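One-letter residues, chain by chain:
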Amino acid sequence: MKKTIVVLLFALISVGLVFSQAITETTSEIKTQTFTDDLGRQVVLPENITKIAPSGSNAQVIVFQVASDKLAGLSDKLSGMEKEIYPDYTHNLPAFGTLYGKKANLNKEALILANPEVIIDVGDIKGSVEDMAKELDQVSSDVGVPVIFLEANMDNYDKVFRTLGKLLKEEERAEKLALYYEDVVSEIEKYATGKKPRVYITSSNDGLNAIIAGKNHAQCAEKAGAEVVVTSKLAQANGNISLETLYQLDPDYIFAYTEEGYKTITTEKTWSTLSAVQNNRVYLVPSIPHYFIDSPVCSNRIIGLYYLASIFYPQAGIDIVEKTKEFYSLFYGKDLTDDQVRTILHMN
């Protein structure tokens, strides 16, 4: 009996050792890569990344456009308008919230449960490089997931597409997006050679919260060759300006983000003396699935360049309906009808 017990124990120990060795060998086979992000941080990542958490809406859009099937979740649940463009499989993905900033609402529990292999942050450097690096390192430590940062704006989307493509092994897809962007910029530069259109852009229902010149939020309009008329010297800290100031600036074009703001500008008598109102040059900015000019400051603004150019340079003969269909097909995998595009562009 004792001999039998000893034999069984030996057998169990042997099986345990073999199982342990198998786990060790499997773990050791996981290949990694070291990625240097735009803060200079060297981050160890899996060689083959399959599950990505975006840090916010900006990252969500650009990661989706490069490698949609690798999103482990979204920054926020998709709205009704967004669901019209994003494919069905994205509609029920978990929402992780935003990584940091004034609106930070990161849901660490949802993030940990989704078990992503990396969190990708895309956008501007906030504060100093050192402070931002420390903040991302702390987030990584808190949730047990590596975080990388890519600086992205309308001057380097081609570079960002290619960087993501190489990292995610989606080079062919990324190259198509990068070349498309380079072609758009090159084409717009040919039109934007004369006097700069003077524009006012507002995000509020009363029409008096302004997009400020030189900021990332104004970059799309400026890249399209326009002069954004409200500077930081003319606006309050929160971006508000007075109607009297706007009278003095008297922009050629006005762009409103909200329907209420558009209605205020186009119907209230106090706005009627502005040249843009008198010349029917007030526009409600398209916003499906994201705004064409701003909010978020993401790569959806690429179609915003064509949208603005079609307004600023009518002599160029840009067919904005066809350009929009082309963009949505390539960047979102969504084929739209002319009527759908006209609805998005507020042309119906």
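Not measured: the values here are computed from a predicted model. (Residues numbered from 1 in each chain as written. Predicted model: local features only at pLDDT ≥ 70, side-chain atom pairs only at ≥ 80, totals over all residues. Heavy atoms only, no water.)

Peer 1: Which residues make up the sheet that holds strand S8 (residues 253–256), and what values do they have?
Peer 2: Taken in spatial order, the four strands make up an open sheet running S7-S6-S8-S9, and their pairing is parallel. At either margin of the open sheet sits one strand with a lone partner, and together these are strand S7 (227–228) and strand S9 (282–284). The sheet contact formed by strand S6 (residues 198–202) and S7 spans two bridges and is parallel. Paired with Arg198 across the two strands is Glu227, which belongs to S7. Sheet strands in contact with helix H10 (residues 259–267) are S6, S8 and S9, and its direction is about 165° off that of S9. The sheet strands contacting helix H12 (residues 301–312) are S6, S8 and S9, and the helix crosses S8 at an angle near 145°. (Pairing = 2+ DSSP bridges. Helix = DSSP H or I, 4+ residues; strand = E, 2+ residues; numbered from the N terminus. Contact = heavy atoms within 4.5 Å. Axes fitted to C-alpha atoms, helices over the stretch in contact; angles between N-to-C directions.)

Peer 1: Can you lay out the environment of Leu177 for me, pointing to particular residues and giving the numbers?
Peer 2: As for its placement among the helices and strands, Leu177 is situated in helix H7 (residues 171–191). Spatially, the C-alpha atoms of Leu177 and Thr264 are 38 Å apart, while their sequence positions differ by 87 residues.

Peer 1: I'd like to hear about the packing of aromatic side chains, residue by residue, with values.
Peer 2: One pass over the full model with this rule turns up 20 aromatic pairs. Between Tyr157 and Tyr181 the ring centres are 5.6 Å apart and the planes differ by 80°, which places this aromatic pair in the edge-to-face class. Of this pair, Tyr157 sits in helix H6 (residues 157–167) while Tyr181 sits in helix H7, placing them 24 residues apart in sequence. Given a relative accessible area of 1%, Tyr157 falls into the buried group. (Phe/Tyr/Trp six-rings, centres within 6.5 Å; stacked < 30°, edge-to-face > 60°. Buried < 20%, exposed > 50% of the residue type's maximum accessible area, 1.4 Å probe, protein only.)

Peer 1: Lay out the pairing of S6 in plain terms, naming residues and giving numbers.
Peer 2: Taken across its five residues, S6 has four buried, putting it largely inside the fold. Bridge count for S6 against S8 is four bridges, and the pairing is parallel. For Ile201, the partnering residue across the bridge sits in S8 and is Phe255.

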